[in-house]
Amino acid sequence: MSEKAGTMLAPLRARLMVAMAVLSAMLAAAVGAGLLIGRQHVDFSALFSDPFSRTLFFRLRLPRVLMGMIVGGSLSLAGAALQALFRNPLADPFTLGVTGGGILGASVALALGWSALLFGIPLVFLASFGGALVAVWVVRMISRTGAVMLPGALLLSGVVVNLVSAAAVLTIQYIADPNSALQILRWMIGSLDVVGMTPVWQMLIPLAPAWIALLAFARQLHLVAIDEDTAATLGVDVRRCETAVHLLCALVVGITVSVGGAIGFVGLIVPHAVRMLFGEDLRIVLPGSLLLGAAFLVLADALARTALTAGELPVGALTGLLGGPAFLWLLRRRQQYGVM
Amino acid sequence: MTPLFEARRVSYAYGRGPLVVREVSLEVAPASMTAIIGANGSGKSTLIRMLAGLFRPVAGEVWLDGRPLAQWEPRLRAREIAYMPQTTAAAFPFPVMDVVLSGRAPHIPRFRLEDARDREIVLEALESAGAAHLAGRNVTELSAGERQMVTLARALAQQPRVLLLDEPSSALDLKHRADLMRALARLRENRGLSIVMITHDLQLTGSLFDRILALRSGEVAAAGSPDEVLRGELLAEIYGEPNVRTRRIGDQTLVWIEA
């Protein structure tokens, strides 16, 4: 008996190692593809002799791939954490309105022309983080009545926050001068088009510590995802965990959105893919989502860059087109679980 | 001698509402079985949630080992007290093994993973709870009764000294109910576990439990041995049902409603 049940589920350590190895390999392959694929051919043999190839590779191609990794990994990690925290497979930065809040914050900053840096961090980051934080807070307040989190109210309040944010952004665009309005529109669609490595470093400085902090909550989130009450009686300070994860997710999503714009549904699809491949344990799902999210967006961006014969498709449009149907499919599956 | 675990005149109110539990005291001795009975809405679940440390009493205090519960570090408290809620929602299809393994969390340092010893304990807990056959399934596939058995196994994997159960047998059939009761009696016998359990099954309380605490509108209506509490007129008052009859047969108490 003991041996039979023991083999039903390999020990976590083994599962974690397999998952990390497989996903790292996928990420490496995606990065390879992302660096190779593009409208302009990069001559790798002439990388250090030909200035054009060098500029193309180091100023455009490489930063863009790194940006895809950072944005995709961040959104997926935040999505996995939010799904666990709210015990809702349909939660993600986009459906909970966190992205919407971030966009509103960033739009305000863009309209006001805040391009200044504060200790090397762009003010747009802070505005976007602020917007995302307000959105998380509103959604949390509305969906929690007493000790109970209502899953339906959660998603509905996310929808409302998104709608209000979108309306506010439209108002800002209408009032702002045409240049700012166009800038907001282009950026809102979601793109990873960056030049040079500066934006990459600017993002990594606040994001890398936030990733590590979120990963450190993996076990607590695992216990919360199984059952909130259970987690509390197992020694998890649920309120503290909730507050910390909210703050970290708002930070991660806010900064991601302020650079990459609204890249929807990545945070929804990727954690589910990791779950399907490697099981439900959050200690695998969180780091796994970071890796697979990075790989996914790099590939999606490579596809978006080359899909149209003339011009580039914004990667946000592509993930939205893929993500919408995926969301509906999950919704249908979710109804079989009953808790909605 | 101070009891292992006790509630001293605890009260609770939700938000600014009225008190739903009022000055309830309860003493739990090592290796004892205590039943909490009462009509629906009489404050039983609120009381047990205070005992579990999920709710902080608005007045009074819960004590464990001579120290107020609020002063215990949550993880150390979790090694002593396990709580099995009435129902658990399953948002994700977690494997049963994962759910029961989560009961080991208070015993494992934060950045360590479960080891072979933890898995042994989990398999034993599954066996004790009569849920060994469910080990390979996912919680979302289980019936309410099966889920209760898995939740019990999770609580046992904590290896606590006090086990708090909120209607653990509500979704169990006759056979599994008997299995559960035998398992609890064995755990008390072999491990010295103290059990506090909310139940509507008065038949069970008469034969298995040392003490019964009866609540009515959040207050203690009666407390004592089954002989003292399971009396027709007292039960009629507690449940507001005038036709309750009881009869003592050997060490069992028969409870029925006269039509």
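Only a predicted model underlies this, so the values are computations on that prediction, with no experimental measurement involved. (Residues numbered from 1 in each chain as written. Chains lettered and ligands numbered in written order. Predicted model: local features only at pLDDT ≥ 70, side-chain atom pairs only at ≥ 80, totals over all residues.)

As for the overall build of chain B
Counting secondary structure elements, chain B contains 9 helices and 12 strands. Compactness check: chain B gives a C-alpha radius of gyration of 18 Å against a globular reference of 18 Å for 259 residues, within 12% of the reference. Overall, the C-alpha framework of chain B stretches about 55 × 40 × 35 Å when taken along its three principal axes. Burial analysis of chain B (259 residues in total) assigns 45% to the buried set. Long-range pairs, those at least 24 residues apart, make up 65% of the contacts in chain B between residues at least 6 apart in sequence. (Helix = DSSP H or I, 4+ residues; strand = E, 2+ residues; numbered from the N terminus. Rg over C-alpha atoms; globule rule 2.2 N^0.38 Å. Buried ≥ 20, exposed ≤ 12 C-beta atoms within 10 Å, placed from the backbone. Contact = placed C-beta atoms within 7 Å.)

Re helix H12 (residues 266-278) of chain A
The end-to-end C-alpha distance of H12(A) is 18 Å, a good match for the 18 Å that 13 residues give at a rise of 1.5 Å each. Those residues of H12(A) that fall on the buried side of the exposure criterion are A:Val266, A:Gly267, A:Leu268, A:Ile269, A:Val270, A:Pro271, A:His272, A:Val274 and A:Arg275. (Expected span 1.5 Å × (residues − 1).)

Details of the packing of helix H3 (residues 51-85) of chain A against H12(A)
All names here are of chain A. The interhelical angle for the contact between H3 and H12, taken along N-to-C directions, is 75°, at an axis separation of 7 Å. By the angle between their directions, the pair H3 and H12 is classed as roughly perpendicular. Residue-level contacts link Gly72, Leu75, Ser76, Ala78, Gly79, Ala80 and Gln83 of H3 to Val266, Gly267, Leu268, Val270 and Pro271 of H12. In terms of residue class, the contact of H3 with H12 is built from 7 nonpolar, 5 polar and no charged. (Axes fitted to C-alpha atoms, helices over the stretch in contact; angles between N-to-C directions. Parallel < 35°, antiparallel > 145°, perpendicular 65-115°, else oblique. Nonpolar A, V, L, I, M, F, W, Y, C, P; charged D, E, K, R; others polar.)

Quick word on helix H9 (residues 218-226) of chain A
For H9(A), the buried fraction is high: 9 of the 9 residues fall into the buried class. Those residues of H9(A) that fall on the buried side of the exposure criterion are A:Ala218, A:Arg219, A:Gln220, A:Leu221, A:His222, A:Leu223, A:Val224, A:Ala225 and A:Ile226.

Describing the interface of chain A and chain B
Taken together, the 28 residues of chain A in the interface contact 36 residues of chain B. Tallied by class, the residues present in the side of chain A that touches chain B amount to 13 nonpolar, 7 polar and 8 charged.

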